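Okay, here's what each chain looks like letter by letter:
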Amino acid sequence: MIKDITIGQYFPGRSPVHRLDPRVKILLALGYIVMLFTAQNAWGLALGVVLGFGAYVVSRIPLVMILRSLKPVVPIIIFTAILNMLFVEGAVLWQWWIIKITREGIDTAVFMAVRIVCLIAGTSLLTYTTSPIALTDGIERLMNPLKRFHFPVHELAMMMTIALRFIPTLIEETDKIMSAQKARGADLESGGLMQRARALVPILIPLFVSSFRRADELALAMECRCYRGGEGRTRMKQLHLSAGDGVASGVMIACIAGVIALNLLLP
């Protein structure tokens, strides 16, 4: 399960999605989230599914990565679907005591499950196709207007990118610690909830120690390289908008408009 978490991983490539400006990709990811939550019927959600699938095909990211990214959140999806099935009022299909399943509940459960899947898969594509450095530049450029209000834009963008960068590292470290504890006879998978929680203590303590050590080493390395924030810093690669950015933005705007039209035409 730990190895299946792919958040924050970057897969180098030369696809049209990889070549998009990071600022545009961030805005497209936000637009995709808006589109998914704007969709109020199955046709609008289907448009979001087609757009997400098409983006993965164009980016040449293996579709198996979607399954790997979804595996850790399957319990959340199932729990959400069960809640919708049991507590949405409508035409009763099956009932036992106070528990009842309605047709509208099943429709809502499927709708919400697909929405969560698209949300996770669509936002994961941003980190799959954007390097941490490009992501930092994109976030900083988008938040540049906040500098007028003395907002620490560069520092915030750097912290967000470092956090994303170290997610795969912490996942790998957690897997190593779990394997080491199992080799010493630790039982992490059996017993009740409280017993499993206590079994995690030998994992969390060395993980926290390792995380603080890595943070201290990173801070020392940045100081040794005379890092003093964003003032006066230059960039080796300048960000420029291209025709592909315009095409991608146009497709997203058209899809959002299509979802709104479907909401109005098919309530």
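Cut-offs and rules
- Residues numbered from 1 in each chain as written.
- Predicted model: local features only at pLDDT ≥ 70, side-chain atom pairs only at ≥ 80, totals over all residues.
- Heavy atoms only, no water.
- Helix = DSSP H or I, 4+ residues; strand = E, 2+ residues; numbered from the N terminus.
- Buried < 20%, exposed > 50% of the residue type's maximum accessible area, 1.4 Å probe, protein only.
- Contact = heavy atoms within 4.5 Å.
- Areas by Shrake-Rupley, 256 points an atom, 1.4 Å probe, with all protein chains shown as cover.
- Lys, Arg positive; Asp, Glu negative; His and termini not counted.
- Charge placed at Lys NZ, Arg CZ, Asp CG, Glu CD.
- Pairing = 2+ DSSP bridges.
- Salt bridge = Lys/Arg side-chain N within 4 Å of Asp/Glu carboxyl O.
- Phe/Tyr/Trp six-rings, centres within 6.5 Å; stacked < 30°, edge-to-face > 60°.
- pLDDT = per-residue confidence, 0-100.
- Expected span 1.5 Å × (residues − 1).
- Core = buried A, V, L, I, M, F, W, Y, C linked by side-chain atoms within 4.5 Å.
- Patch = residues over 30% accessible without salt bridge, like charges linked within 9 Å, V, L, I, M, F, W, Y side chains within 5 Å.

Focus on the overall build of the protein chain
Per the secondary structure count, the protein chain includes 10 helices and two strands. Across the 267 residues of the protein chain, 32% fall into the buried class. Counting contacts in the protein chain only where the partners sit at least 6 residues apart, residues at least 24 apart contribute 71% of the total. Put simply, the protein chain shows about 16,800 Å² of open surface, and 70% of that area lies on carbon and sulfur atoms. Charge centroids of the protein chain, computed over 27 positive and 18 negative side chains, lie 4 Å from each other.

Focus: the pairing of strand S2 (residues 99-102)
Sheet analysis places strand S1 (residues 92-96) next to S2, joined by four bridges and oriented antiparallel. From the neighbouring strand, Trp-94 faces S2, where its bridge partner is Ile-101. Counting the residues that bridge the hairpin from S1 to S2 gives two residues, and of these Trp-97 lies at a positive phi of roughly 60°.

Looking at the pattern of salt bridges
For the structure shown, the criterion picks out three salt bridges. Here Lys-176 ties to Glu-172 by a salt bridge, and the two come within 3.6 Å at their closest N and O atoms. One end of the pair is Lys-176 and the other is Glu-172, both in helix H7 (residues 153-183) and four residues apart, which spans about a single turn. For Glu-172, a relative accessible area of 46% translates into the label partly exposed. Note that Arg-214 is salt-bridged to Glu-173, the shortest N-O span being 3.0 Å.

Describing unusual backbone geometry
Residues other than glycine seldom take positive phi values, yet Arg-60 does so here, at roughly 60°. Summarising the element assignment, Arg-60 is placed in the loop between helix H2 (42-59) and helix H3 (64-70). On the basis of relative accessibility, which here comes to 61%, the residue Arg-60 falls in the exposed class.

Re the packing of aromatic side chains
Pairs of aromatic rings are described using the distance from one ring centre to the other and the angle between the two planes. Counted by the stated rule, this structure contains one aromatic pair. Considering the side-chain rings of Phe-11 and Tyr-128, the 5.3 Å spacing of their centres and the 75° angle between planes classify their relative orientation as edge-to-face. Placement of the pair is Phe-11 in the segment before helix H1 (22-38) and Tyr-128 in helix H5 (residues 103-128), with a sequence separation of 117 residues. Take Tyr-128: its relative accessible area is 0%, and that puts it in the buried class.

Considerations on the confidence of the model for the protein chain
Summing up the model confidence of the protein chain, the mean pLDDT is 82 and the portion of residues at 70 or higher is 91%. Put simply, helix H8 (residues 193-199) is where the protein chain has its lowest mean pLDDT, 71, and H1 is where it has its highest, 92.

Overview of the environment of Val-57
Relative to the helices and strands, Val-57 resides in helix H2. A relative accessible area of 46% places Val-57 in the partly exposed class. For the pair Val-57 and Ser-15, spaced 42 residues apart in sequence, the C-alpha to C-alpha distance is 9.7 Å.

Observations regarding H2
When the terminal C-alpha atoms of H2 are compared, their 26 Å separation across 18 residues agrees well with the 26 Å that a helix rising 1.5 Å per residue should span. On its buried side, H2 packs onto H1, H3, H5 and helix H10 (243-265). One or two positions beyond H2, positive phi appears at Arg-60, with a value near 60°.

Here's the deal with the environment of Asn-84
Here Asn-84 shows up in helix H4 (residues 74-87). Residue class for Asn-84 comes out buried when judged on its relative accessible area of 16%. C-alpha of Asn-84 to C-alpha of Asp-107: the two residues are 23 residues apart in sequence and 8.8 Å apart in space.

Points about the nonpolar core
With 15 residues, the main nonpolar core has Leu-28, Tyr-32, Met-35, Leu-36, Leu-51 and Met-252 as its most contacted residues. Put simply, the parts of the chain that give this core at least two residues each are H1, H2, H5 and H10. Examining the composition of this core, we find that five residues originate from one element, H1, more than from any other. When residues no more than four places from it in sequence are discounted, the contact partners of Tyr-32 are Gly-48, Val-49, Leu-51, Gly-52, Cys-118, Gly-122 and Met-252. Met-65, Leu-70, Ala-121 and Tyr-128 belong to the second largest nonpolar core, which has nine residues in total.

Details of a nonpolar patch on the surface
Where nonpolar side chains cluster on the molecular surface, the patch consists of Leu-93, Trp-94, Trp-96, Trp-97, Ile-98, Ile-99, Ile-106 and Val-110 and spans about 900 Å² of accessible area. Those elements that provide at least two residues to the nonpolar patch are S1 and H5. No other element matches S1, which puts three residues into the nonpolar patch. Following the sequence through the fold, Ile-99 ends up in strand S2.

Thoughts on helix H6 (residues 132-142)
Structurally, the α-helix is built with 3.6 residues per turn, so residues lying three or four positions apart point the same way. The complete set of buried residues in H6 reads Leu-135, Thr-136, Asp-137, Gly-138, Ile-139 and Glu-140. Where the residues of H6 are buried, they touch H1, H5 and H7.

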